[in-house]
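Residues per chain are reported as follows:
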Amino acid sequence: GIQVEQSPPDLILQEGANSTLRCNFSDSVNNLQWFHQNPWGQLINLFYIPSGTKQNGRLSATTVATERYSLLYISSSQTTDSGVYFCAVGKAGSARQLTFGSGTQLTVLP
Amino acid sequence: SAVISQKPSRDICQRGTSLTIQCQVDSQVTMMFWYRQQPGQSLTLIATANQGSEATYESGFVIDKFPISRPNLTFSTLTVSNMSPEDSSIYLCSGGTAKGEQYFGPGTRLTVT
């Protein structure tokens with residue numbers, strides 16, 4: 001099956017700092033989503049971005065499908081950004097199932 | 001965005017018993033999925049819930065252990081059968097839209113003692 005690798009596995013930032021999270025995948029995809037899992041376990045949709053660039057407030061994401069990677073940018077981080085960030089991909093022809101990466105644990109210190 | 005609800009939100013169960021988790025999605029959803037998240041781990045797909053027919057299970061998951069029903073377009077259940085402490089996990093239901101985007105319910109935190 002498709003492999004999804006996220007880096008870094010852990011990231012500790014001071015409030016106000018910027019960060020970049022990376023997601024590499026091993027095959028062509030027609031679906032890529034970024035999620036934030038908050039400390040209560042809820043998965044929050046951040047971006048649906050199989051290709052191109054999107055921005056939503058302090059967050060933005062870029063997927064370069066031909067090179068099989070996606071980046072999530074967090075600017076001016078806040079303590080509420082803490083949690084686990086997951087990248088999940090869907091392979092073309094896979095009945096829309098998602099394969100998740102192992103996640104990046106982000107801790108933002110006040 | 002789609003709205004996904006799930007219950008119970010958490011439960012503590014005795015080994016050897018079974019628990020049924022319910023998931024309700026709104027009308028934007030065309031596909032439904034069940035995932036497991038073991039402590040400190042990522043999400044793993046258990047199965048795709050098919051309306052009116054048997055679910056499609058991923059490698060390592062079997063119907064006898066995780067029977068799934070989807071009697072209509074917006075409702076599905078997952079049963080965790082004959083539970084052992086290794087089944088302690090968060091179980092999540094998701095709904096996929098026609099575009100392919102998935103939305104997740106709040107999850108069910110299961111502890112087996």
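An account of the accompanying structure is given in this report. The shown structure was predicted, so the numbers you read here are calculated from the model rather than taken from an experiment.

### Here's the deal with the interface of chain B and chain A
- Counting residues at the interface gives 23 residues for chain B, matched by 19 residues for chain A.
- Roughly 1600 Å² of surface becomes buried between chain B and chain A when both sides are summed, with 48% attributable to carbon and sulfur atoms.
- Inspection of the region where chain B meets chain A yields 0 salt bridges.
- On the surface where chain B and chain A come into contact, there are 10 residue pairs in polar contact (both at pLDDT 80 or more).
- Ranked by residue count, the leading element in the side of chain B that touches chain A is strand E4 (residues 29–37) of chain B, at 5 residues.
- Looking at the side of chain B that touches chain A residue by residue, the classes come out as 10 nonpolar, 9 polar and 4 charged.

### Points about the state of the cysteines
- For the structure on display, the rule yields 2 disulfides over all chains.
- The side chain of Cys-23 of chain A participates in a disulfide bridge whose partner is Cys-87 of chain A; the two sulfur atoms lie 2.0 Å from each other. The S-S bond linking Cys-23 of chain A to Cys-87 of chain A shows a torsion near -60°; that makes this disulfide left-handed. Remark: Cys-87 of chain A occurs in strand E9 (residues 83–91) and Cys-23 of chain A occurs in strand E3 (residues 19–25); sequence separation between them is 64 residues.
- For Cys-87 of chain A, a relative accessible area of 0% corresponds to the buried category.
- The disulfide partner of Cys-23 of chain B is Cys-93 of chain B, and the gap between their sulfur atoms is 1.9 Å.

### Brief notes about the pairing of strand E11 (residues 104–109) of chain A
Residue and element names in this part refer to chain A.
- Burial of E11 is one-sided: the residues Thr-104, Leu-106 and Val-108 facing one way are buried, the residues Gln-105, Thr-107 and Leu-109 facing the other way are not.
- Looking at chain direction, strand E2 (residues 10–14) and E11 are connected through 5 bridges and run parallel. Looking at E11, one finds that Leu-13 is bridged to Val-108.
- Relative to E11, E9 runs antiparallel, the two being bridged by 3 bridges. The partner of Tyr-85 across the bridge, within E11, is Thr-104.

### Considering the environment of Leu-11 of chain A
Residue and element names in this part refer to chain A.
- Considering the arrangement of structural elements, one finds Leu-11 in strand E2.
- On a C-alpha basis, the gap between Leu-11 and Thr-104 in space is 7.2 Å, while along the polypeptide they are 93 residues apart.
- Contact partners of Leu-11, with chain neighbours within four places excluded, come to Ser-19, Leu-21, Thr-104, Gln-105, Leu-106 and Thr-107.

### A word on the packing of aromatic side chains
- In the structure shown here, the tally under the stated rule is 8 aromatic pairs over all chains.
- Ring plane angle 90° and centroid distance 5.3 Å describe the contact between Phe-35 of chain A and Phe-104 of chain B, whose orientation is recorded as edge-to-face. Taken together, the residues Phe-35 of chain A in strand E4 (residues 29–37) and Phe-104 of chain B in strand E10 (residues 102–104) connect one chain to another. Here Phe-35 of chain A matches Phe-104 of chain B in class, with each residue buried.
- Here Phe-100 of chain A and Tyr-35 of chain B contribute two aromatic rings whose centre-to-centre distance is 5.7 Å and whose plane-to-plane angle is 75°, an arrangement assigned as edge-to-face. Taken together, the residues Phe-100 of chain A in strand E10 (residues 99–100) and Tyr-35 of chain B in strand E4 connect one chain to another. Tyr-35 of chain B matches Phe-100 of chain A in its accessibility class, with the two residues each being buried.
- Counting every residue linked through ring pairs, the aromatic cluster contains Phe-35, Phe-86 and Phe-100 of chain A together with Tyr-35 and Phe-104 of chain B.
- Cation over ring: Arg-22 of chain A sits above Tyr-69 of chain A, and NZ or CZ is 4.2 Å from the ring centre.

### Quick look at the side chain of Ser-77 of chain A
All names here are of chain A.
- Relative to the helices and strands, Ser-77 is located in the loop between strand E8 (69–74) and E9.
- The class of Ser-77 is buried, set by a relative accessible area of 1%.
- Residues within four places of Ser-77 in sequence aside, it is in contact with Leu-13, Gln-14, Glu-15, Gly-16, Ala-17, Arg-58 and Val-108.

Reading the values: the criteria
- Residues numbered from 1 in each chain as written.
- Chains lettered and ligands numbered in written order.
- Predicted model: local features only at pLDDT ≥ 70, side-chain atom pairs only at ≥ 80, totals over all residues.
- Heavy atoms only, no water.
- Contact = heavy atoms within 4.5 Å.
- Buried area = accessible area lost by both parts, 1.4 Å probe.
- Salt bridge = Lys/Arg side-chain N within 4 Å of Asp/Glu carboxyl O.
- Polar contact = N/O pair within 3.5 Å; in protein donor to acceptor, adjacent residues only side chain to side chain.
- Helix = DSSP H or I, 4+ residues; strand = E, 2+ residues; numbered from the N terminus.
- Nonpolar A, V, L, I, M, F, W, Y, C, P; charged D, E, K, R; others polar.
- Disulfide = S-S within 2.5 Å.
- Buried < 20%, exposed > 50% of the residue type's maximum accessible area, 1.4 Å probe, protein only.
- Pairing = 2+ DSSP bridges.
- Phe/Tyr/Trp six-rings, centres within 6.5 Å; stacked < 30°, edge-to-face > 60°.
- Lys NZ or Arg CZ within 6 Å of the ring centre and 35° of its normal.

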